[in-house]
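Remarks on the overall topology
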Amino acid sequence: MAIQLLAKPLVEKTKKQLEAKCKVLKEKDIIPKMQVIYIGDNKASRLYTRKKKKFCENFGAIVDIIHLPSETTEKEFLETINNINLDKTTHGCFIQLPVPTQLEHLDIGELISPQKDVDGFHAENLRHLMRNSNEELYFVPCTPGGIMALLSHYQIPVEGKNVVIVGRSMIVGKPLSLLMTNHNATVTVCHSKTNNLREITRSADIIVSAVGKPRYLDASYINNEKDQVVIDVGINHDQDGILCGDINFNEVEPLVYAITPVPGGVGPLTVLYLAQNLLQAAEKNI
Ligand code: NAP
């Protein structure tokens, strides 16, 4: 039976550290504050923003959700962000995606000032990631940061390992490939045009899947002669509406050394890392 890499123990441990840091800041009259911009009526966006608010408020931060109507104009949107960038009491901000079509042409990652960009998508933060700067100097993107923290918590080394990432998005696959490289892994990034995906995943020490297709990777992608570690980033619903990852858990779990379940694996770590980035932003503000 594989080791299940659960987020909960890491979340509980880190939450205590965040509470302690928040207390120290409060003694200096600083309350970590984040503003979240959410536009329109996307149900998933509403759920995600509420989750992030609840988590951060639990350890003592303030989170304001700015809910803008779907018909918000570019001018109104940019004014809202500009006000947040200028507000000295706000340490972090992020824009919950997706945005409505009239705002899609904007380079969303560039709008929030890099010092408040707790999502880690601003070019200045990404440049630090590319340059392998000290991670305290910039904001590491949340899902990739959460995955590294989970592996470290379970003492799974990445140095020298052959890591195969399936998915090359700007929020998961690409930044994770840089972060893994910075931590001395040898990384292969795969996507929908990759030939012989099975052959590549079967050669991996660590497989990370961020494809977005319910139970897409089954036993045929696994090599049970290796002690493989499988990280499932996918958050999907199957045709019966059941929440599941990209990995066919029932088939894959008996064949690998360790695996993240869905739910309870990578999901909560994105929120945790966002909270860590918020604290980092507030601490820098001293
Ligand atoms: P995305 O932007 O849609 O990217 C999906 C990637 O998968 C693309 O690079 C695509 O290749 C690749 N792909 C699609 N079909 C493939 C196939 N048959 N074989 C190999 N590669 C294939 O998705 P995303 O935003 O990265 O999200 C991926 C999944 O992770 C989703 O389920 C999402 O909900 C979840 N997610 C979870 C968290 C979390 O906190 N746990 C955070 C972010 C995302 P091309 O580039 O060639 O199209």
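As the structure is a prediction and not an experimental result, all values here were calculated from the model. (Residues numbered from 1 in each chain as written. Predicted model: local features only at pLDDT ≥ 70, side-chain atom pairs only at ≥ 80, totals over all residues. Heavy atoms only, no water.)

1. Description of the sheet that holds strand 11 (residues 258-259)
So the rule is basically this: Here, a strand pair is defined by DSSP locating no fewer than two bridges between the strands. A run of H or I in DSSP becomes a helix once it reaches four residues, and a run of E becomes a strand once it reaches two; helices and strands are each numbered from the N terminus.
Judged by pairing direction, the sheet is parallel, and its six strands sit side by side in the order 1-11-8-7-5-6 without closing on themselves. Only two strands of the sheet have a single partner each, and these edge strands are strand 1 (3-4) and strand 6 (186-190). Bridge analysis of strand 7 (residues 206-209) against strand 8 (residues 229-232) gives four bridges, and the strand direction is parallel. Along strand 8, the bridge assignment pairs Val208 with Ile231.

2. Describing the pattern of salt bridges
Oppositely charged side chains are able to pair whenever their charged atoms sit close together. Rules: Salt bridges are counted wherever a side-chain nitrogen of Lys or Arg sits within 4 Å of a carboxyl oxygen of Asp or Glu. Think of it in three bands: with a 1.4 Å probe and only protein chains considered, a residue is buried below 20% of the maximum accessible area for its type, exposed above 50%, and partly exposed in between.
According to the stated counting rule, one finds six salt bridges in the structure shown. One salt bridge connects Asp64 with Lys33, and the closest N-O pair in it is separated by 3.9 Å. Of this pair, Asp64 sits in strand 3 (residues 62-68) while Lys33 sits in strand 2 (residues 33-39), and the two are 31 residues apart along the sequence. A residue is classified by how much of its surface remains accessible, and Asp64, at 30% relative accessible area, is partly exposed. We note a salt bridge from Asp205 to Lys226, for which the minimum N-O separation is 3.6 Å. In this pair, Asp205 sits in the loop between helix 7 (197-202) and strand 7 while Lys226 sits in the loop between strand 7 and strand 8, placing the two residues 21 residues apart along the sequence. With a relative accessible area of 22%, Asp205 lands in the partly exposed category.

3. Some details on the sheet that holds strand 2
Quick note on the threshold: In this analysis, axes come from line fits to C-alpha atoms, helices being fitted only over the stretch in contact, and the angle between any two N-to-C directions falls in the range 0 to 180 degrees. Residue contacts follow a heavy-atom distance rule, with two residues in contact if any of their heavy atoms lie within 4.5 Å.
Here three strands make up an open sheet; going across it, the order is 3-2-4 and the pairing parallel. Edge strands, defined here as strands with exactly one partner in the open sheet, are strand 3 and strand 4 (92-96). In this sheet, neighbouring strand axes are inclined to one another by 15 degrees on average, regardless of whether the strands run parallel or antiparallel. Relative to strand 3, strand 2 runs parallel, the two being bridged by seven bridges. Following the sheet pairing, Tyr38 is matched in strand 3 by His67. This element, helix 3 (residues 74-86), spans strand 2, strand 3 and strand 4 of the sheet and lies at about 175 degrees to strand 2.

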